[in-house]
Amino acid sequence: MLASLTICGAPGENPQPPASQGGAAGAAPSQAAQAPGAASADAEPQDQTQNQTSDGSQPGKTTRITSAQAKELFRSMGDILTFASDDSRLPIEHKVKRRLISRRAVERYILEKFKEDKDAKRMQREEIVLDKFGLLDRDFHLRPFLVSLLTEQIAGFYDNKTKTVNLLDWVAPDDQKPVMAHELTHALQDQHTNLDKWDPDEPESPPKNVAEDNSRLAIDERDTARDAVLEGQAMAVYVDYTLKPSGRSLVTSPNIIQSFKPDSDASADSPVMARAPLLLQESLLFPYREGLGFEQAVWKDEGAEAAFAGVLDQPPNSSFEIMNPRAYERRQPVPLLRMPDVHGLLDAAYQPYDIGVMGELDVRILTELYGGEPEAEALTPQWNGGLYYAAQSRSATTEEQKASTASVSLLYLSAWRTKAAAEEFAALYARELSRKYSSVTRETAEETTALERIYSTNEGPVLIVRQGRKVFASESFDLTTARKLQFLLFGAQQGQSAETARLRETPLSDPAASMVRFLARCGMPKAALLP
């Protein structure tokens, strides 16, 4: 999956600054010297101001909360933990540690995650694929923008390694209490399901044969769905805590999810988020917004125990199930496309670079970016499977050459529920080539059938072919190779039109998955808060 961002602080992450910054990485405040800018529950924060670190927004000073405010915030934790337990039906097994962390320490933490987090590493590797798909502009620089975005957006996070809720020392207690309800739900999830072991290890290098190709297709989107479960459950408790004074709840207020649609015009206090590309906005909010919708549906249909403990025990495994919770409830199979063996054809001239499933979330982002929100709303429900494969030319030997999208060739196979939807998507994909390439010219003389479209671009040929309800696209492979790939990809699906994968057994991957997962594991974003 390509759409994979989440705000840090979920499974397997350590929010403390590295030891070189003055703290002991991986240790709770009671077990090691305090990192600069961090305070334990028993610390006495001083009334002071400190220089605000660069978050891409307003420079100046940030006022820290007082010792009295910190004590009041910590005192409220027991009541909020009890509320979260009662609301979720997840029992309290033991106390939860808490600490305050400064803005400067948050920024150091984000920078450290880019060095160590496996999803951050894969996301940065996949940036060239995101560029090739047109999901990011070619002149966009992902890493520095994400550092600014995350520094601006983090509202709090739970670290399951140290079993600690991390709160922000510059945010007023009343504003942090609902966020605490969200993060304490993560602590209860951790006590019910060891989150540190919830995500199995996955290979970091690109697959090198057809067995590894199809194995990779069985990994990534599972993790994205699990992050949506964790954040959706925590959002459900957050919403109930916020609505409690009015006597309402998530179950009794079905339209509350509409409040979580991003509104860049209302983002005066989030200038970085306001100018974020659609991919980043959607990836950032997916686990919170769609995860909340998933939890709301399961809670209404099957009750609180099923929506929390039940989903943790039997989690969904794809963005399709998150976006279609009744499919999860019915254990409905999800479409699966097969990857043929392309290595004999490609490996002499190309190195394998990346492979994944183009899931329903990716298609929604892609179609909205290309055709606008109405077209995305109409076309996305017609998605019925998809995969992509990227290879890098062995002639690219310098770092500059390898960093160019011209060095990467891409194939993409998508399946649709109707022939009309396939036709619409093929036309949309062709129409938007000029967004990605210069000198785009249709080469009708090269086309052999009415279902084939061929274009020349500054990065080589593009071949788009519709066959029934499937669409094949090849970018930057020479036409002879592209037609052979088309034959292999369509041939691999023969006799599989009715085949599906039960994602309990065979989860899928998405191209934006690393981004969704990384962002979700950084902490709760301000953009997910109720207005």
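Everything here concerns the structure above.
Conventions used here
- The numbering scheme is per chain: residues are counted from 1 as the chain's sequence reads.
- Residue-level local features of this predicted model are given only where pLDDT is at least 70; pairs of side-chain atoms are given and counted only at 80 or more, and the full residue set underlies all totals for whole chains, interfaces and linings.
- Values reported for side chains reflect all heavy atoms of the structure, with hydrogen atoms and water molecules removed beforehand.
- Helix numbering and strand numbering both begin at the N terminus, where a helix is a DSSP run of H or I of at least 4 residues and a strand a DSSP run of E of at least 2.
- For each residue, the accessible area found with a 1.4 Å probe, counting protein chains only, is set against the maximum for its type, and the residue is called buried under 20%, exposed over 50%, and partly exposed in between.
- Throughout, a contact is declared for two residues whenever any of their heavy atoms are within 4.5 Å.
- The method behind every accessible area is Shrake-Rupley, applied with a 1.4 Å probe, and residues are considered shielded solely by the protein chains displayed.
- Being paired, for any two strands, means DSSP has found at least two bridges between them.
- To get an axis, fit a line to the C-alpha atoms, keeping to the stretch in contact for a helix; angles then go from 0 to 180 degrees between the N-to-C directions.
- Under the convention used throughout, the expected extent of a helix is 1.5 Å for every residue step, that is, one less than its residue count.
- Two axes enter the definition of the bend at a residue: one is fitted to the seven residues ending there, the other to the seven starting there, and the bend is the angle between them.
- By definition, a salt bridge exists where a carboxyl oxygen of Asp or Glu is found within 4 Å of a side-chain nitrogen of Lys or Arg.
- Whenever two N or O atoms come within 3.5 Å, that pair is a polar contact, provided that in protein one can donate a hydrogen and the other can accept it, and provided that, for residues adjacent in sequence, both atoms are side-chain atoms.

A. Seen up close, the overall build of the protein chain. Helix and strand counts for the protein chain stand at 21 helices and 15 strands. Classification of the 531 residues of the protein chain by burial places 60% in the buried group. Sequence separation of 24 or more characterises 77% of the internal contacts of the protein chain that already satisfy a separation of 6 or more. Only carbon and sulfur atoms are counted for the fraction: they give 47% of the accessible area of the protein chain, which is about 20,000 Å².

B. A look at the sheet that holds strand β8 (residues 350-357). The sheet built from seven strands is open, its strands ordered β8-β9-β10-β14-β13-β12-β11 with antiparallel pairing. The open sheet has two free edges, formed respectively by β8 and β11 (441-442), since each of these has just one partner strand. Pairing of β11 with strand β12 (residues 452-457) involves two bridges; the strand directions are antiparallel. Bridged to threonine 441 within β12 is serine 456. Together, β8, β9 (383-393) and β10 (408-416) form the strand contacts of helix α15 (residues 360-371), whose direction differs from that of β10 by roughly 105°. Where helix α18 (residues 419-431) meets the sheet, it contacts β10, β12, β13 (460-467) and β14 (470-475), and its direction lies at approximately 155° from that of β10.

C. Examining helix α6 (residues 173-192) more closely. Taking 1.5 Å as the rise per residue, α6 with 20 residues should run 28 Å; its terminal C-alpha atoms sit 28 Å apart, in good agreement. By the largest-angle criterion, valine 179 marks the main kink of α6, which is about 30°. The buried fraction of α6 is high, at 17 of 20 residues.

D. Representation of the pattern of salt bridges. For the structure shown, the criterion picks out 19 salt bridges. With a shortest N-O distance of 2.8 Å, glutamate 459 and lysine 132 are connected by a salt bridge. With a gap of 327 residues between them, glutamate 459 in the loop between β12 and β13 and lysine 132 in helix α4 (residues 118-133) connect regions that are remote in the sequence. For the pair shown, glutamate 459 and lysine 132 are each scored as buried. One salt-bridge network, in which partners are shared between bridges, spans Glu282, Arg289, Glu290 and Arg364.

E. Looking closely at the side chain of arginine 289. Here arginine 289 shows up in helix α10 (residues 278-302). In this structure the side chain of arginine 289 is engaged in a polar contact, spanning 2.8 Å, whose partner is the side chain of glutamate 282. Of note is the side chain of arginine 289, whose polar atom sits 3.3 Å from the side chain of glutamate 290.

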